[in-house]
Amino acid sequence: MGYMIPMRVLGIETSCDETAAAIVSDDRTILSNVVLSQLDDHRPFGGVVPEIAARAHLEHLDSIIARARDEAGIELGALDGIAATGGPGLIGGVIVGVMTAKAIAAARDLPFIAVNHLEAHALTARLTDDVAFPYLLLLISGGHCQLLIVEGVGRHVLLGTTMDDAIGEAFDKTAKLLGLGFPGGPAVEAAARDGDPARFRLPRPLKGRAGCDFSFSGLKTAVRQAALDLGHDPTAQDAADLAAGFQAAVADVLTDRCRHALAEFTTRHPDVPPVLVAAGGVAANQTLRSALTTVSEAQGASMVAPPPALCTDNAAMVAWAGIERLRTGAPDTLDFRPRPRWPLAELHAAQ
Ligand code: KG4
Ligand code: ZN
């Protein structure tokens, strides 16, 4: 495309417990990427409290945007668009981000883009690694666990999804049960480093079955039962062994499902060199990343996962998704309504 100056977009992310703003340009440069975690606000409650999150976003978003602007050295008026997560997510926070983005867009006469948070995760590998469409996507986050083929912007084919818990939820509940603290994913990963994954025999739900669906509730129950069977509160070593066992079971399930999905991808796109992209907060996990690399390479595919800080929630991915949307279609209008639920399947129809 014939831009003299690269297109530059501000992204805003407020759908969960990170208040984030970033400026990204369409030559795949992250000019600034500011993330304020609200972890300390939520820790006393052992989980994210939606009301506290919404109020904290409101309190901090303006100064986070100012920092993103200053670090990039770009006035808001010089931007080419303002993108905000429009859903899915905790609605109070999403409203704060969307209203702020609309206000800037209206005041500066700039395009406004309502970005689907899942699509922002899905497109991040194109920002970091320039991955071409189509590719296989394993989306593993706090609220989701899905395998999809990403055919283009707004175009996805769902191959499988979780039948019960999201994968991040399974990590978070396991951490809580083992007294490892919050947030659960990084805590389980850290504890597992000192653990013996073979000490407890834990199930691998759906492993060996046809298809690409997932299930985690049986695994979660098995971890709880194993902890109860100890007959005492888990010691640090018990917790480490259970965390390692849980993580190994999850890795086994993910690789089994990805093996099927890679075969399906090749059936549908026989001429495309297969790439498995992992995205979402759980893709920050090193054990899972290396298991996914191994299974991909065994099937002649390559594996791409963004650096961990771009797997967990951030605004650079929202800005990038905004750029991709501006390049392929029209921006959104200012009457866009924030969407607490917004499945990827509804994306194409909504545009
Ligand atoms: O993508 P994300 O930041 O927010 C959502 O869109 O949901 O994902 C958050 C989830 C949480 O469940 C968190 O425990 C998990 O990602 N997570 C991890 C790791 N880092 C974050 N899970 C496993 N290992 C990690 N290192
Ligand atoms: Zn996310």
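Relevant structure appears above.
So, here's what we can say about the structure. Every value quoted in this text rests on a predicted model; they were computed, and no experiment measured them.

## Here's the deal with the packing of helix 5 (residues 167-177) against helix 8 (residues 236-268)
Line of reasoning, step 1. Orientation of helix 5 relative to helix 8, taken along the N-to-C sense of each, is 170°, at an axis distance of 11 Å. Taken together, the axes of helix 5 and helix 8 lie roughly antiparallel to each other. Touching Ile 167, Ala 170, Phe 171 and Thr 174 of helix 5 are Phe 246, Gln 247, Val 250 and Leu 254, all from helix 8.
Line of reasoning, step 2. Looking at the contact of helix 5 with helix 8 residue by residue, the classes come out as 6 nonpolar, 2 polar and no charged.

## Section: the nonpolar core
Line of reasoning, step 1. Leu 10, Ile 12, Ile 65, Leu 79, Ile 82, Leu 137 and Val 277 are the most contacted members of the largest nonpolar core, which totals 62 residues.
Line of reasoning, step 2. Residue contributions to this core peak at 8 residues, all from helix 11 (residues 316-328).
Line of reasoning, step 3. In this structure Ile 82 touches Leu 10, Ile 12, Ala 101, Ile 104, Ala 105, Leu 110, Pro 111, Phe 112 and Ile 113, once residues within four positions along its chain are discounted.
Line of reasoning, step 4. Counting 53 residues, the second-largest nonpolar core is a separate cluster that includes Leu 159, Ala 191, Leu 202 and Phe 216.

## Quick notes on the coordination of the zinc ion (ligand 2)
Line of reasoning, step 1. Protein coordination at the zinc ion (ligand 2) comes from His 117 (NE2), His 121 (NE2) and Asp 313 (OD), with a distance range of 2.0 to 2.1 Å.
Line of reasoning, step 2. Along the chain, the residues donating to the zinc ion (ligand 2) fall in the pattern H-x3-H-x191-D. In this pair, His 117 is assigned in helix 4 (residues 117-129) and Asp 313 in the loop between helix 10 (308-311) and helix 11, connecting sequence segments 196 residues apart. Take His 117 and Asp 313: they sit in the same class, and that class is buried.

## Looking at the site of ligand 1
Line of reasoning, step 1. If you check the shell around ligand 1, you find 18 residues, and the closest are Gly 142, Asp 172, Gly 185, Glu 189 and Gly 281.
Line of reasoning, step 2. Within the side chain of His 121, a nitrogen or oxygen atom sits 3.1 Å from an oxygen atom of ligand 1.
Line of reasoning, step 3. Gly 185 places a polar main-chain atom, nitrogen or oxygen, 2.9 Å from an oxygen atom of ligand 1.
Line of reasoning, step 4. Put simply, ligand 1 lies in the largest pocket.
Line of reasoning, step 5. Of all elements in the fold, only helix 4, helix 5 and helix 6 (184-192) reach the threshold of two or more residues within the shell around ligand 1.

## Topic: the environment of Val 94
Line of reasoning, step 1. Among the structural elements, Val 94 can be located in helix 3 (residues 91-108).
Line of reasoning, step 2. In this structure, the C-alpha to C-alpha distance between Val 94 and Glu 13, residues 81 residues apart in sequence, is 7.9 Å.
Line of reasoning, step 3. With near-sequence residues (within four places) excluded, Val 94 lies in contact with Thr 14, Ser 15, Thr 85, Gly 86, Gly 87, Gly 89 and Pro 338.

## Some thoughts on the packing of aromatic side chains
Line of reasoning, step 1. One pass over the full model with this rule turns up 5 aromatic pairs.
Line of reasoning, step 2. Ring pairs connect the aromatic residues Phe 112, Phe 336 and Trp 342, which therefore count as one cluster.
Line of reasoning, step 3. Against the face of Phe 133 rests Arg 126, its NZ or CZ located 3.7 Å from the ring centre.

## Remarks on helix 9 (residues 286-298)
Line of reasoning, step 1. Over its 13 residues, helix 9 runs 18 Å from end to end, which matches the ideal 18 Å to within 8%, given 1.5 Å per residue.
Line of reasoning, step 2. Among the residues of helix 9, those classed as buried are Leu 288, Arg 289, Ala 291, Leu 292, Val 295 and Ser 296. Buried residues of helix 9, viewed axially, fall in a sector of 165°; they line one side. Opposite the buried face of helix 9, by more than 90 degrees, sit the exposed residues Thr 294, Glu 297 and Ala 298.
Line of reasoning, step 3. Lining the buried residues of helix 9 we find strand 6 (135-140), helix 5, helix 8, strand 9 (275-279), strand 10 (302-304) and helix 10.

## Thoughts on the sheet that holds strand 2 (residues 18-25)
Line of reasoning, step 1. Taken in spatial order, the 5 strands line up as 3-2-1-4-5 in an open sheet, and their pairing is mixed. With one partner strand each, in any of the chains shown, strand 3 (29-37) and strand 5 (112-116) form the two edges of the open sheet. Neighbouring strand axes in the sheet, compared pairwise and without regard to direction, differ in orientation by 20° on average.
Line of reasoning, step 2. Relative to strand 4 (residues 81-87), strand 1 (residues 8-13) runs parallel, the two sharing 4 bridges. Paired with Gly 11 across the two strands is Ala 83, which belongs to strand 4.
Line of reasoning, step 3. Set on the sheet, helix 2 (residues 50-72) makes contact with strand 1, strand 2 and strand 3; between it and strand 2 the angle comes to about 25°.

## Focus on the pairing of strand 4
Line of reasoning, step 1. The buried fraction of strand 4 amounts to 7 of the 7 residues, a majority that puts the element mostly inside the structure.
Line of reasoning, step 2. Across 5 bridges, strand 4 lies against strand 5 in parallel orientation. Bridge pairing in strand 5 links Ala 84 to Ala 114.

## Regarding a nonpolar patch on the surface
Line of reasoning, step 1. A surface patch of nonpolar side chains, amounting to about 260 Å² of accessible area, comprises Ile 91, Ile 95 and Met 99.
Line of reasoning, step 2. Topologically, Ile 95 is positioned in helix 3.
Line of reasoning, step 3. The class for Ile 95 is partly exposed, based on a relative accessible area of 35%.

## Notes on the sheet that holds strand 8 (residues 155-161)
Line of reasoning, step 1. As summarised here, the arrangement of the 5 strands in space is 8-7-6-9-10, forming an open sheet in which the pairing is mixed. Each edge of the sheet is formed by a strand with only one pairing partner; in this case those strands are strand 8 and strand 10. Neighbouring strand axes in the sheet, compared pairwise and without regard to direction, differ in orientation by 25° on average.
Line of reasoning, step 2. Relative to strand 8, strand 7 (residues 145-152) runs antiparallel, the two being bridged by 6 bridges. Paired with Leu 148 across the strands is Leu 158, a residue of strand 8.
Line of reasoning, step 3. The sheet strands contacting helix 4 are strand 6, strand 7, strand 8, strand 9 and strand 10, and the helix crosses strand 6 at an angle near 125°.
Line of reasoning, step 4. Against the sheet, helix 9 engages strand 6, strand 9 and strand 10, with an angle of about 155° to strand 10.

What counts, and where the lines are drawn
Residues numbered from 1 in each chain as written. Chains lettered and ligands numbered in written order. Predicted model: local features only at pLDDT ≥ 70, side-chain atom pairs only at ≥ 80, totals over all residues. Heavy atoms only, no water. Axes fitted to C-alpha atoms, helices over the stretch in contact; angles between N-to-C directions. Helix = DSSP H or I, 4+ residues; strand = E, 2+ residues; numbered from the N terminus. Parallel < 35°, antiparallel > 145°, perpendicular 65-115°, else oblique. Contact = heavy atoms within 4.5 Å. Nonpolar A, V, L, I, M, F, W, Y, C, P; charged D, E, K, R; others polar. Core = buried A, V, L, I, M, F, W, Y, C linked by side-chain atoms within 4.5 Å. Buried < 20%, exposed > 50% of the residue type's maximum accessible area, 1.4 Å probe, protein only. Donors = N, O, S within 2.8 Å, 3.2 Å for Na, K, Ca; no water. Near = heavy atom within 4 Å. Polar contact = N/O pair within 3.5 Å; in protein donor to acceptor, adjacent residues only side chain to side chain. 1 Å grid on protein atoms, 1.4 Å probe; cavity = no way out; pocket = protein on both sides within 12 Å on 5 of 7 lines; lining within 4 Å. Sits in = over half its atoms within 2 Å of the grid points. Phe/Tyr/Trp six-rings, centres within 6.5 Å; stacked < 30°, edge-to-face > 60°. Lys NZ or Arg CZ within 6 Å of the ring centre and 35° of its normal. Expected span 1.5 Å × (residues − 1). Arc of directions from axis to C-beta. Pairing = 2+ DSSP bridges. Patch = residues over 30% accessible without salt bridge, like charges linked within 9 Å, V, L, I, M, F, W, Y side chains within 5 Å. Areas by Shrake-Rupley, 256 points an atom, 1.4 Å probe, with all protein chains shown as cover. Salt bridge = Lys/Arg side-chain N within 4 Å of Asp/Glu carboxyl O.

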